[in-house]
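One letter stands for each residue in the lines below.
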Amino acid sequence: GGVDQSWTDIIENAETILYREINYQDEAENAIRFAKDFGLGLGGTSVRSTAKSVNGEKLESASEWLRVPFTYGDLSSEKFLVMEFVPR
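Q: Could you give me a rundown of the overall build of the protein chain, with the residues and numbers involved?
A: In terms of helices and strands, the protein chain carries two helices and zero strands. On C-alpha atoms alone, the protein chain measures out to a radius of gyration of 19 Å, which is more than a quarter above the 12 Å that the 2.2 N^0.38 rule sets for 88 residues. Each principal axis of the C-alpha atoms in the protein chain carries an extent, and together these give about 60 × 30 × 25 Å. Considering only intrachain contacts with a sequence separation of at least 6, the fraction spanning at least 24 residues in the protein chain is 40%. Carbon and sulfur atoms make up 54% of the accessible area of the protein chain, which amounts to about 7,200 Å² in all. Positive and negative side-chain charges in the protein chain, numbering 9 and 15 respectively, have mean positions lying 10 Å apart.

Structure (structure tokens):
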């Protein structure tokens, strides 16, 4: 390490550290929370939103104007993120 370390060594070391930091379970939890906040279910169906307005009122589902793939949290893990296929 230190001054004698080459840029190649630094980049390879950073790559190793970054790959250790990737955890798809965290990504699954974030995607599920996002979908719940916007009231989005499997296949783009409308479900009750968990988000509230500044007035504290529940917001309506965004399913008419927003589409995200459904995330299967029970099938996802640290190494696998399982999501619904959404064609163009």
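Q: Quick one: what's the story with a nonpolar patch on the surface, residue by residue and with numbers?
A: Taken together, the side chains of Tyr-19, Ile-22, Tyr-24, Leu-81 and Met-83 present a nonpolar region at the surface, about 460 Å² in accessible area. The topology assignment puts Leu-81 in the segment after helix 2 (24-37). Judged by its relative accessible area of 32%, Leu-81 falls in the partly exposed class.

Q: Could you give me a rundown of the packing of aromatic side chains, with the residues and numbers involved?
A: One pass over the structure, following the stated rule, counts three aromatic pairs. Ring geometry for Phe-70 versus Tyr-72: centroids 5.0 Å apart, planes at 75 degrees, classification edge-to-face. A relative accessible area of 28% places Phe-70 in the partly exposed class. Aromatic rings pair up to connect Phe-34, Phe-38 and Trp-65 into one cluster.

Basis of the calculations
Residues numbered from 1 in each chain as written. Predicted model: local features only at pLDDT ≥ 70, side-chain atom pairs only at ≥ 80, totals over all residues. Heavy atoms only, no water. Helix = DSSP H or I, 4+ residues; strand = E, 2+ residues; numbered from the N terminus. Rg over C-alpha atoms; globule rule 2.2 N^0.38 Å. Contact = heavy atoms within 4.5 Å. Areas by Shrake-Rupley, 256 points an atom, 1.4 Å probe, with all protein chains shown as cover. Lys, Arg positive; Asp, Glu negative; His and termini not counted. Charge placed at Lys NZ, Arg CZ, Asp CG, Glu CD. Patch = residues over 30% accessible without salt bridge, like charges linked within 9 Å, V, L, I, M, F, W, Y side chains within 5 Å. Salt bridge = Lys/Arg side-chain N within 4 Å of Asp/Glu carboxyl O. Buried < 20%, exposed > 50% of the residue type's maximum accessible area, 1.4 Å probe, protein only. Phe/Tyr/Trp six-rings, centres within 6.5 Å; stacked < 30°, edge-to-face > 60°.

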